[in-house]
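Remarks on the overall topology
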There are 4 protein chains.
Amino acid sequence: MKKISFESDYIQGCHEAILNRFTETNYEQLSGYGVDRYCESAKQKIKAACQSENSEVFLLTGGTQTNQLVIDTMLDSCEAVISAKTGHINGHEAGAIEYTGHKVLEIAQENGKIDISALEQLLQAFHGDANNQHMATPKMIYLSHPTEYGTLYTFAELRRISDICKKNGLYLYIDGARLGYGLMAKGSDVTLPDLARLCDAFYIGGTKVGALCGEAVVFAEGRTPKKFFTKIKQHGALLAKGRLLGIQFDTLFTNDLYFQISKHAIDMAEELKALFTARGFQFFLDSPTNQIFIILENRLYQTLSEQVGVGFWEQYDDTHTVIRFATSWATRREDIAQLDQILREITE
Amino acid sequence: MKKISFESDYIQGCHEAILNRFTETNYEQLSGYGVDRYCESAKQKIKAACQSENSEVFLLTGGTQTNQLVIDTMLDSCEAVISAKTGHINGHEAGAIEYTGHKVLEIAQENGKIDISALEQLLQAFHGDANNQHMATPKMIYLSHPTEYGTLYTFAELRRISDICKKNGLYLYIDGARLGYGLMAKGSDVTLPDLARLCDAFYIGGTKVGALCGEAVVFAEGRTPKKFFTKIKQHGALLAKGRLLGIQFDTLFTNDLYFQISKHAIDMAEELKALFTARGFQFFLDSPTNQIFIILENRLYQTLSEQVGVGFWEQYDDTHTVIRFATSWATRREDIAQLDQILREITE
Amino acid sequence: MKKISFESDYIQGCHEAILNRFTETNYEQLSGYGVDRYCESAKQKIKAACQSENSEVFLLTGGTQTNQLVIDTMLDSCEAVISAKTGHINGHEAGAIEYTGHKVLEIAQENGKIDISALEQLLQAFHGDANNQHMATPKMIYLSHPTEYGTLYTFAELRRISDICKKNGLYLYIDGARLGYGLMAKGSDVTLPDLARLCDAFYIGGTKVGALCGEAVVFAEGRTPKKFFTKIKQHGALLAKGRLLGIQFDTLFTNDLYFQISKHAIDMAEELKALFTARGFQFFLDSPTNQIFIILENRLYQTLSEQVGVGFWEQYDDTHTVIRFATSWATRREDIAQLDQILREITE
Amino acid sequence: MKKISFESDYIQGCHEAILNRFTETNYEQLSGYGVDRYCESAKQKIKAACQSENSEVFLLTGGTQTNQLVIDTMLDSCEAVISAKTGHINGHEAGAIEYTGHKVLEIAQENGKIDISALEQLLQAFHGDANNQHMATPKMIYLSHPTEYGTLYTFAELRRISDICKKNGLYLYIDGARLGYGLMAKGSDVTLPDLARLCDAFYIGGTKVGALCGEAVVFAEGRTPKKFFTKIKQHGALLAKGRLLGIQFDTLFTNDLYFQISKHAIDMAEELKALFTARGFQFFLDSPTNQIFIILENRLYQTLSEQVGVGFWEQYDDTHTVIRFATSWATRREDIAQLDQILREITE
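Residues numbered from 1 in each chain as written. Chains lettered and ligands numbered in written order. Predicted model: local features only at pLDDT ≥ 70, side-chain atom pairs only at ≥ 80, totals over all residues. Heavy atoms only, no water.

**Re helix H3 (residues 63-74) of chain A**
Put simply, the rule is: Labels follow the DSSP assignment, with helices taken as runs of H or I lasting at least four residues and strands as runs of E lasting at least two, numbered in each case from the N terminus. In this analysis, the expected span of each helix is defined as 1.5 Å times one less than the number of residues it contains. Here the term buried applies to any residue with accessible area under 20% of the maximum for its type, exposed to any over 50%, and partly exposed to those in between, with areas from a 1.4 Å probe on protein chains only.
When the terminal C-alpha atoms of H3 of chain A are compared, their 16 Å separation across twelve residues agrees well with the 16 Å that a helix rising 1.5 Å per residue should span. When H3 of chain A is considered as a whole, its buried residues turn out to be Thr64, Gln65, Thr66, Asn67, Gln68, Leu69, Val70, Ile71, Asp72, Thr73 and Met74 of chain A.

The structure is reproduced here in structure tokens:
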């Protein structure tokens, strides 16, 4: 690790309030497997934040685990999930969805967002095909919000996708690994209650937003898969000490902590963008959330990466590279000042 | 069914020589599960036809079963298979590959054939990605020959793909559901021994080439998956009366019957193409094998399909449809003459 | 193979009536995938024989395939099937049920039949366990009739098991690989309509009762799994030429052929038993169907097996072996006379 | 929760040294996915404690997850794992092993320990069966140490089982969910280096021995499954913040903390046993580790459980119940004194 790093939003531990709660509650004797008072309280607070009392909330450990479990248990065995080609489940989860038996139907995207006309085309082609009984049935749309490129859907776009789902009998499932950063992005018009209304299921990411681990899945009323608890166990995803997740989410959803620390990451990202703009760097795309993609000349990238942790994203061309800077709940103003200093030194 | 039909190449029973052999051998008492003398003889004849004594041959029942079993058992659990977007395993096998846990990595194609530069790009992207441990590992290339569009790879193309496989540590697996029709197509420069040399595994289709059912998988030396027999059983693919397959393939590979009846289907297809050309029909693509794709005005399609069985392929535009005519080992000259007569009536 | 063989009931081809029907229908042009007129007719005849018009019938190729497909698609992913320890799915299907994700809960048996008190005990233990959400849920009882030991359940026993199923929300599924031989056994009080009434699903075995391959699954009203056709395809179990199964079952269920040839095998088995009794052989158990188990002194077994094909069953003790003689639809009186002759020679 | 509880060994948080280390390291910027310095240090310390530099160590989150992942990745798809009927994987993991495709072959046990003669019998039967290609192949022995009943294998027993494994080409895999309590039990002659020598793989339980979560898998040299990292991801078991596990195990294996806190739990269990003996309670079995099983008259159980958290184990007879008391790293002398007081009140 470099002295400072913007490599990702999961390079530091967790918000101090969580550590404090771990300490305060450490010797309380609590039942295992997620039925303790902290899990219960966390679920109630999340439902309240979603303004959706009839939803059901489950706490899981990580993002791939959550995607795998939700998709596998909501879908029947021959049903498939539609994802942008760049969707996390399609590329970077080591085939976890296919491992549980389900096809990922990839469709075109732009800056990480599903191309809605490609979606409509796929559904039309399927329903118009007389031989579609020989095909995996599209039954769910997966999208990430923010996307893998830090971009956001508008409320109107999500509602349109939701309408397509309803019309075609599909589930809408949103991967919110970085949801806080999406909700608090400048100009975003999507709220947690909106998601609860539009989705059949979605998850509120903790790992990248202030927790050591943990994702909270919210199922709309009537959408919790049958025997979901048993299936969590069966997938190897049930923690004996459910308190590990309960305490974290209870803390994050007390006094809006989740939203405040998300807002902080956005503020830091805005400062970072201002800094890049001021120095004349070229943005790879326009991301309103905590991930910023910059096109750097290869030599500059080399020099920079000796002093600052950044994420390699992709080769832009023979002489340039796209790199990612991520802010988080833990990014400090000093880090940005230090980065500014380094950039000055290497570019002047 | 219409009076005559070109709907597919599996609408009739099997070659009479097979029925005769069933009758002659019916009361012989044979061991079960594929170890009888007919299975043994069939395997020997197939190896001889492949000029590959060290290959191993297994007889299975159907194409999807064969693809599923071969791919699942050759690949490790986190390994993926690359296929053209139009590959049979990618679209029309109801997610059978994913059901057994493997991702199908789809790439661009043209007329059903893998776009080789897209293939190289995918492999380069994978090997150049520092995070590829988080991805399903591409480990096999699947292609069909003839393709789903009736087109053929040249020997040079197959060798180039084979070289890419060797260079990247991939298996080359060819789906030969209609292999006979490919081998006997005019101008094809690919032989059975070529396939045995270039592929790690391929199958010789029986169901569509004169058998009631059955596909013969050929594994190159050292490529037979460990405990393959047990895995056939575990996949529900082991026949108690292995003779059903043994007798059929023994017959098909006696006196070149497989090649002769394939040649017949090609001859019939050539006559069909001549007929369509003569009548000014528009071809959707140029297929050298037993499948012919014609673009028909919708009303004409409607009228024709009342008298002749044809396969709907896809909507071409608002007023035209692509339809498929398939010939087979069982197509008769009279059928073509009758089709000619019908076409004359409805077009004049 | 020996000159004569009683090794199993699948050592010969198929009933001649089937071969004749293959020949007669060979050039008829029929749609693929099981929607042809012969499949339809076979299904109607089977429903009529079951006196159960609202059942649904599907034709599959083999026994393990059928068990795997029916169990996997009727059960939810965390549900388990209960089987006698000696059940075919538990021992001799290479883990095919587990391969599709389901636990087989084995219970005690006697002569192949489920120990009903062990069954009740398992269910009581499960329902009484406060932690049973951590366990695979028993949801189906699998039994074979005749059992792997050739024994039969009485109607009263099946009704009692069916009652246990209803009371506990379980499915009753019967593996009828040798069903004909069970229905026609002397003293059996179970009929096909009984099975249709008592079971949620069962299959009528063809492979061992006169067909080259094929098993007919009967689902009770409302019990057909969702998208079953697509799942057949997904499991690699869908035949392109559905006629192969349709013609066979249509023939077997025309003019009671299935029952007649089953009766013949039973008659032959009775003669065989008489012969063994007359010669003072010791029976391993009392089987009323087409499988007869004899305890032979090892040296005698050795000598006999040089002239007659028999099935090794298990080592009885250091000096004796249990061997199986199976009759079938194809067993001839001459075979039995010849066996008698051989036995005389080697025992006198 | 009652005022005091002996319900299980996972009712409290984690050892304070771990909380302190979380706090101290919280803002260090560390790479994700388990390649940080704490994971590395933890692995080195564990290998040192095992006196096995060539082993490979991986840190996972929970016990079922670990069992599922290790068993699935060490076994080929048609291979099975042998377990005592009472083994955790056989009963209380919701079919997690079967979910990944593997059969659990259950054998007889006594007080939770594998019946070695039953094991030998199973292997002999398998190898002696001419049809064993139709069966799932036994390839691994799973046992828990301590067992689910708190009992322990002796070194001689483990060596004998290990010898059986070597002779039969099986892997030996030990589930050490409560390993510390086994290693520190009075009279135990099994050490961590012994396990590293005897096993192909085993895991050192953290969740029940002082951690919030976490299990450390140790693979013997050459036994790490191919692409294990990718398969962790594919199973949804890879934590983004690997530090969560690294810091915990690094702390537990610094200055023998793991062994000290395990010893403490054993001391507490010994006091508990002395107390039960003094008061004339009946032990269900003789457990040398941290779980104590007592047979209580039902009314007494009722009264007691109003004041003390205990684990229901099983119904002993109509009037008695077996209950479990578990001590742990967190059990205090005051808790035992308080229990003593309560027992006095309700029994006198």
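Moving on from the coordinates now.
**With respect to the relation of the copies chain C and chain B**
The relation between the two chain copies is a rotation about an axis coupled with a shift along that axis. Rule in force here: Only residues with pLDDT of at least 70 in both copies contribute their C-alpha atoms to the least-squares superposition of the copies.
Overlaying chain C with chain B gives an RMSD of 0.0 Å, the required rotation being 180 degrees about an axis along which the chain moves by 0.0 Å. On the angle and the small slide along the axis, the relation comes out as a two-fold axis.

**Remarks on the relation of the copies chain D and chain A**
Basically, it comes down to this: A contact between two residues is defined here by any heavy atoms of the two lying within 4.5 Å.
Least-squares fitting of chain D to chain A yields an RMSD of 0.0 Å, with the transformation described by 0.0 Å of translation along the axis and a rotation of 180 degrees. With an isologous cut-off of 70% or more, the 100% of interface residues of chain D that recur at the interface of chain A puts this contact in the isologous class.

**Overview of the interface of chain D and chain A**
Rules: Buried area: the sum, over both parts, of the accessible surface (1.4 Å probe) that disappears when the two are put together. Any carboxyl oxygen of Asp or Glu within 4 Å of a side-chain nitrogen of Lys or Arg constitutes a salt bridge here. For the purposes of these results, a polar contact is taken to be a pair of N or O atoms within 3.5 Å, where, inside protein, one atom must be able to donate a hydrogen and its partner to accept one; residues adjacent in sequence count only when each atom of the pair is a side-chain atom. Residues are grouped as follows: Ala, Val, Leu, Ile, Met, Phe, Trp, Tyr, Cys and Pro are nonpolar; Asp, Glu, Lys and Arg are charged; all remaining types, including Gly, are polar.
The interface of chain D with chain A comprises 51 residues on the first partner and 51 residues on the second. For the pair chain D and chain A, the summed buried area comes to about 4,400 Å², and 54% of that belongs to carbon and sulfur atoms. The largest per-residue losses of area from chain D upon contact with chain A belong to Gln29, Tyr99 and Lys241 of chain D, which jointly make up 18% of the total buried on that side. For the pair chain D and chain A, the number of links is zero salt bridges. Across the chain D-chain A interface, the total number found is 32 residue pairs in polar contact (both at pLDDT 80 or more). Counting residues per element, the ones that place at least two in the side of chain D that touches chain A are strand S1 (4-5), helix H1 (16-25), helix H3 (63-74), helix H5 (96-99), helix H10 (228-234) and helix H11 (243-252) of chain D. Looking at side-chain class alone, the side of chain D that touches chain A contains 20 nonpolar, 21 polar and ten charged residues.

**Digging into the interface of chain C and chain B**
Every contact between the two is made by 51 residues of chain C and, on the other side, 51 residues of chain B. Counting the surface lost from both chain C and chain B, the interface buries some 4,500 Å², and carbon and sulfur atoms represent 54% of this. When the buried surface of chain C facing chain B is broken down by residue, Gln29, Tyr99 and Lys241 of chain C rank first, second and third, together holding 19% of it. Applying the counting criterion to the chain C and chain B interface returns 32 residue pairs in polar contact (both at pLDDT 80 or more). Every element with two or more residues in the side of chain C that touches chain B is listed here: strand S1 (4-5), helix H1 (16-25), helix H3 (63-74), helix H5 (96-99), helix H10 (228-234) and helix H11 (243-252) of chain C.

**Brief notes about the packing of aromatic side chains**
The criterion, for reference: What counts as a ring pair is set by centres within 6.5 Å for rings of Phe, Tyr and Trp (its six-membered ring), and what kind of pair is set by the plane angle: stacked under 30 degrees, edge-to-face over 60, tilted for all other angles. Criterion for a charge above a ring: Arg CZ or Lys NZ at most 6 Å from the ring centre, at most 35 degrees from the ring normal.
Per the stated rule, a full pass over the model turns up 68 aromatic pairs over all chains. Ring geometry for tyrosine 149 of chain C versus tryptophan 313 of chain C: centroids 5.5 Å apart, planes at 75 degrees, classification edge-to-face. Here tryptophan 313 of chain C lies in strand S14 (residues 311-317) and tyrosine 149 of chain C lies in the loop between strand S7 (137-144) and helix H7 (155-168), a separation of 164 residues in the sequence. Taken together, a centroid distance of 5.9 Å and an interplanar angle of 90 degrees make the contact between phenylalanine 253 of chain C and phenylalanine 259 of chain C edge-to-face. Take phenylalanine 253 of chain C and phenylalanine 259 of chain C: they sit in the same class, and that class is buried. Through a chain of ring-to-ring contacts, three or more aromatic side chains come together here, namely Phe6, Phe276, Phe281, Phe283 and Phe325 of chain A. We note lysine 139 of chain A situated over the ring of tyrosine 171 of chain A; from NZ or CZ to the ring centre the distance is 5.3 Å.

**Let's talk about the pattern of salt bridges**
Within the structure shown, the criterion is met by 72 salt bridges over all chains. With its nearest N and O atoms 2.6 Å apart, the salt bridge here joins glutamate 98 of chain A to lysine 103 of chain B. Pair noted here: glutamate 98 of chain A is in helix H5 (residues 96-99) and lysine 103 of chain B is in the loop between helix H5 (96-99) and strand S4 (104-107), and the two residues belong to different chains. Across the pair, exposure class does not vary: glutamate 98 of chain A and lysine 103 of chain B are buried alike. Note that glutamate 24 of chain C and arginine 21 of chain C form a salt bridge whose closest N and O atoms lie 2.8 Å from each other. With a gap of three residues between them, glutamate 24 of chain C and arginine 21 of chain C both fall in helix H1, about one helical turn apart. Overall, glutamate 24 of chain C belongs to the exposed group, its relative accessible area being 54%.

**Observations concerning the sheet that holds strand S12 (residues 291-297) of chain D**
Residue and element names in this part refer to chain D. Just so we agree on the cut-off: Two strands pair if DSSP finds at least two bridges between them. In this description, a line fitted to the C-alpha atoms serves as the axis of each element, helices being fitted only across the stretch in contact, and the angle between N-to-C directions of two axes falls anywhere from 0 to 180 degrees.
Across the sheet, four strands lie side by side as S11-S12-S15-S14; this open sheet has antiparallel pairing. Each of the sheet's edge strands pairs with one partner strand only, and the pair in question is strand S11 (282-283) and strand S14 (311-317). With five bridges connecting them, S14 and strand S15 (residues 320-326) associate as antiparallel partners. Bridging from a neighbouring strand, glycine 311 pairs with arginine 324 of S15. Against the sheet, helix H12 (residues 257-278) makes contact with S11, S12 and S15, and its axis sits at roughly 20 degrees relative to S12, the strand it touches most. Along the sheet face, helix H13 (residues 298-305) touches S12, S14 and S15 and points at about 120 degrees away from the line of S12.

**A closer look at the side chain of threonine 137 of chain D**
Along the chain, the position of threonine 137 of chain D falls in strand S7 (residues 137-144). Setting aside its immediate chain neighbours within four residues, threonine 137 of chain D contacts Lys227 of chain B together with Cys78, Glu79, Ala80 and Phe126 of chain D.

**Looking at the packing of helix H12 (residues 257-278) of chain C against helix H14 (residues 333-347) of chain C**
Residue and element names in this part refer to chain C. The line we're drawing: Orientation is classified from the angle alone, with under 35 degrees giving roughly parallel, over 145 giving roughly antiparallel, 65 to 115 giving roughly perpendicular, and any other angle giving oblique. When the near helix sits turned anticlockwise from the far one by under a right angle, the crossing is termed left-handed; a clockwise turn instead gives a right-handed crossing.
Packing of H12 against H14 leaves a shortest axis separation of 10 Å and a crossing angle of 15 degrees. Our classification of the angle between H12 and H14 gives roughly parallel. The two elements H12 and H14 meet at a crossing, and its hand is right-handed. Side by side, H12 and H14 meet where Met268, Glu271, Leu272, Leu275 and Phe276 of the first sit next to Arg333, Ile336, Leu339, Asp340 and Leu343 of the second.

**A look at the sheet that holds S7 of chain D**
Either a parallel or an antiparallel arrangement is found when strands of a sheet pair, and the pairing is made through backbone hydrogen bonds. Residue and element names in this part refer to chain D. With mixed pairing, the seven strands of this open sheet are ordered in space as S2-S10-S9-S8-S7-S3-S4. Strands with a single pairing partner mark the edges of an open sheet, and in this sheet they are strand S2 (56-60) and strand S4 (104-107). Adjacent strand axes in the sheet meet at a mean angle of 25 degrees when their direction is disregarded. Contacts from helix H6 (residues 116-128) reach strand S3 (79-84), S4 and S7, with the element oriented near 170 degrees to S7.

**What about the pairing of strand S9 (residues 201-205) of chain B?**
All names here are of chain B. The buried fraction of S9 amounts to five of the five residues, a majority that puts the element mostly inside the structure. Where burial is concerned, the two faces of S9 agree: the one with Ala201, Tyr203 and Gly205 and the one with Phe202 and Ile204 are both buried. Across five bridges, S9 lies against strand S10 (residues 215-219) in antiparallel orientation. Within the sheet, the bridge partner assigned to tyrosine 203 lies in S10 and is valine 217.

**Focus: the side chain of asparagine 132 of chain D**
Residues and elements named next belong to chain D. Structurally, asparagine 132 is set in the loop between H6 and S7. On the basis of relative accessibility, which here comes to 18%, the residue asparagine 132 falls in the buried class. Here phenylalanine 126 takes part through its backbone oxygen, which lies 2.7 Å from a polar atom of the side chain of asparagine 132. Other than its neighbours up to four places away in sequence, asparagine 132 contacts Phe126 and His127.

**Regarding the state of the cysteines**
Inclusion rule: Counting rule for disulfides: a pair of cysteine sulfur atoms within 2.5 Å.
Taken as a whole and assessed by the stated rule, the structure comprises zero disulfides over all chains. The structure places no disulfide on cysteine 213 of chain B, whose sulfur is separated from the nearest cysteine sulfur, that of cysteine 213 of chain C, by 5.9 Å. Under the relative-accessibility criterion, cysteine 213 of chain B is labelled buried at 2%.

**Brief notes about the nonpolar core**
Just so we agree on the cut-off: Side-chain atoms within 4.5 Å link the members of a nonpolar core, which is a set of buried Ala, Val, Leu, Ile, Met, Phe, Trp, Tyr and Cys residues.
Judged by nonpolar contacts, the single largest core of 136 residues is most densely connected at Phe202 of chain A together with Phe202 of chain D. For phenylalanine 202 of chain A, the contacting residues outside a window of four places in its chain are Cys50, Tyr173, Ile174, Leu179, Leu192, Leu195, Ala196, Ala216, Val217 and Val218 of chain A. One finds Ala42 and Ile204 of chain B together with Leu152 and Leu170 of chain C within the second-largest nonpolar core, a separate group that totals 135 residues.

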